[in-house]
Amino acid sequence: MAAPTLRLSSRLALVTGGGSGIGRAVCQRFAKDGASVAVVDIDEGAATETLRSLSSDQQQHSVFITDVTSSKSVHKLVADIQMQFSRPPCVAVNCAGITVDGLLLKMQEEAFDQVLKVNLKGTFLVTQTVAKALVASGAKKGSIINVGSIVGKVGNVGQANYTASKAGVVALTKSSAKELARFGIRCNTILPGFIDTPMVAKVPQKVLDTVRSGRRLFLLGIGRQQLHHGSQSGSDRRAFHVTFKQSTGSRENK
Ligand code: CAA
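Calculation criteria
- Residues numbered from 1 in each chain as written.
- Predicted model: local features only at pLDDT ≥ 70, side-chain atom pairs only at ≥ 80, totals over all residues.
- Heavy atoms only, no water.
- Near = heavy atom within 4 Å.
- Polar contact = N/O pair within 3.5 Å; in protein donor to acceptor, adjacent residues only side chain to side chain.
- Areas by Shrake-Rupley, 256 points an atom, 1.4 Å probe, with all protein chains shown as cover.
- Helix = DSSP H or I, 4+ residues; strand = E, 2+ residues; numbered from the N terminus.
- Nonpolar A, V, L, I, M, F, W, Y, C, P; charged D, E, K, R; others polar.
- pLDDT = per-residue confidence, 0-100.
- Contact = heavy atoms within 4.5 Å.
- Core = buried A, V, L, I, M, F, W, Y, C linked by side-chain atoms within 4.5 Å.
- Buried < 20%, exposed > 50% of the residue type's maximum accessible area, 1.4 Å probe, protein only.
- Pairing = 2+ DSSP bridges.
- Right-handed = clockwise from strand over helix to strand, strands pointing away.
- Expected span 1.5 Å × (residues − 1).
- Arc of directions from axis to C-beta.
- Salt bridge = Lys/Arg side-chain N within 4 Å of Asp/Glu carboxyl O.

**With respect to the site of the ligand**
Thinking step 1. If you check the shell around the ligand, you find 20 residues, and the closest are Asp101, Ser149, Asn156, Gln159 and Tyr162.
Thinking step 2. Here an oxygen atom of the ligand sits 2.9 Å away from a polar atom, N or O, in the side chain of Gln159.
Thinking step 3. Within the complex, 55% of the 1,100 Å² of free accessible area of the ligand lies under protein.
Thinking step 4. The set of elements that each furnish at least two residues to the shell around the ligand consists of α7 (198-201) and α8 (205-213).
Thinking step 5. Of the residues that constitute the shell around the ligand, the class distribution is nine nonpolar, seven polar and four charged.

**So, the confidence of the model for the protein**
Thinking step 1. A residue-level look at the protein finds 84% of positions with pLDDT of 70 or above and a mean pLDDT of 88.
Thinking step 2. When the criterion is pLDDT under 50, residues 224-254 qualifies, and its contacts beyond four places in sequence or with other chains add up to 77 contacts.

**Points about the nonpolar core**
Thinking step 1. If you look at the biggest cluster of nonpolar residues, it comprises 25 residues, and the most contacted ones within it are Leu14, Phe64, Leu77, Ile81 and Val130.
Thinking step 2. With seven residues, helix α4 (residues 109-137) is the single largest residue contributor to this core.
Thinking step 3. Apart from the residues within four sequence positions on either side, Ile81 is in contact with Leu12, Leu14, Ala38, Phe64, Ser86, Arg87 and Pro89.
Thinking step 4. Formed by 17 residues, the second largest nonpolar core is a distinct cluster that contains Val26, Ala35, Val37 and Val39.

**Things to note about the pairing of strand β1 (residues 12-16)**
Side-chain positions along a regular strand alternate between the two faces of the sheet.
Thinking step 1. Most of β1 is tucked away: five of the five residues are buried.
Thinking step 2. Neither face of β1 is open: one carries Leu12, Leu14 and Thr16, the other Ala13 and Val15, and all of them are buried.
Thinking step 3. Judged from the five bridges that link them, β1 and strand β2 (residues 36-41) form a sheet pairing that is parallel. Note on β2: the bridge partner recorded for Leu12 is Ser36.
Thinking step 4. Read from β1 through helix α1 (residues 21-32) to β2, the crossover connection turns out right-handed.

**Some thoughts on helix α3 (residues 71-85)**
Thinking step 1. The end-to-end C-alpha distance of α3, which contains 15 residues, comes to 21 Å, matching closely the 21 Å that a straight helix rising 1.5 Å per residue would cover.
Thinking step 2. If you check which residues of α3 are buried, you get Ser73, Val74, Leu77, Val78, Ile81 and Phe85. Angular distribution of buried residues about the axis of α3 spans 135°; they occupy a single face of the element. Opposite the packed face of α3, turned more than 90 degrees from it, sit the exposed residues Lys72, Lys76 and Met83.

**As for the pattern of salt bridges**
Thinking step 1. Within the structure shown, the criterion is met by five salt bridges.
Thinking step 2. Residue Glu49 is joined to Arg24 by a salt bridge in which the shortest nitrogen-to-oxygen separation is 3.7 Å. Of this pair, Glu49 sits in helix α2 (residues 44-52) while Arg24 is found in helix α1, placing the two residues 25 residues apart along the sequence.
Thinking step 3. For Glu49, a relative accessible area of 46% gives the class partly exposed.

**A short note on the pairing of strand β4 (residues 91-94)**
Thinking step 1. On β4, burial covers both faces: Val91 and Val93 on one face and Ala92 and Asn94 on the other are all buried.
Thinking step 2. The handedness of the β4 to strand β5 (residues 142-147) crossover, carried by α4, is right-handed.

**Quick notes on α2**
Thinking step 1. Of all the residues in α2, the buried ones are Ala46, Ala47 and Thr50. The buried residues of α2 all sit within an arc of 100° when viewed along its axis, so they share a single face. Turned more than 90 degrees away from the buried face of α2, the exposed residues are Glu44 and Arg52.
Thinking step 2. Of the surrounding elements, those touching the buried residues of α2 are α1, β2 and β3 (62-65).

Right under this line is the structure:
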């Protein structure tokens, strides 16, 4: 009996921030579901580690070292992918993101610029470059998935820069969805909460304790009934998993 066709077989997916956290988990899941994965990260060692962890049947995976804040680097990325796979990626997941936390009254201008550049401009550059390649290829389909954050919707103490960037990602995605629907390209944002990743591991223990207790979520304006408890592993640092899907023009994209 022939093996069942996997959900994403014959798809080519580009995942930025593929070297760690949510980006790495996305690469692993996509590979498991049959996609070929372009693991994109600025950190070669981390991206290579992800590559080694990917399951592979027929599909091919590859690492691309890219600075998402540079249009030159992003253009090279998409050109290199097309050269290697003979087609543009039909799925792009924008996971590359950083935090430089600090209270508003103390925040340095550089900390604001740096976070906006990676999280918002990086998402714009990858979205634009992949969309151009898809339109030029005449594929008439594609999917761009941007990683926002629940704190971009409700705000968070110490994250004026990060929350502004993530709110910007939602607006960018909505506009992209409206413009790209005519080319069959869907654009959506997901809004994760505090997920057990290296990014959250940097949060001071006292803040994590309040997140875990639910008090922080109350401050964030999130009801307990909206939570998925993610502490089955017993991991000490594992916080609540709160994930919302922000609908961004999916109706236009049908
Ligand atoms: N409102 C206003 N001020 C507050 C406050 C609040 N809710 N909570 C605390 N403060 C005040 C404190 O009272 C204290 O005031 P005083 O100096 O007058 O005593 C002041 O803030 C300083 O507190 P800290 O000692 O904690 O200050 P710090 O400068 O060492 O650190 C911080 C501040 C960088 C914000 C630190 O607390 C921190 O890293 N917090 C975590 C931020 C966070 O939640 N990050 C999430 C990262 S994960 C992620 O982003 C993924 C995602 O999508 C969710």
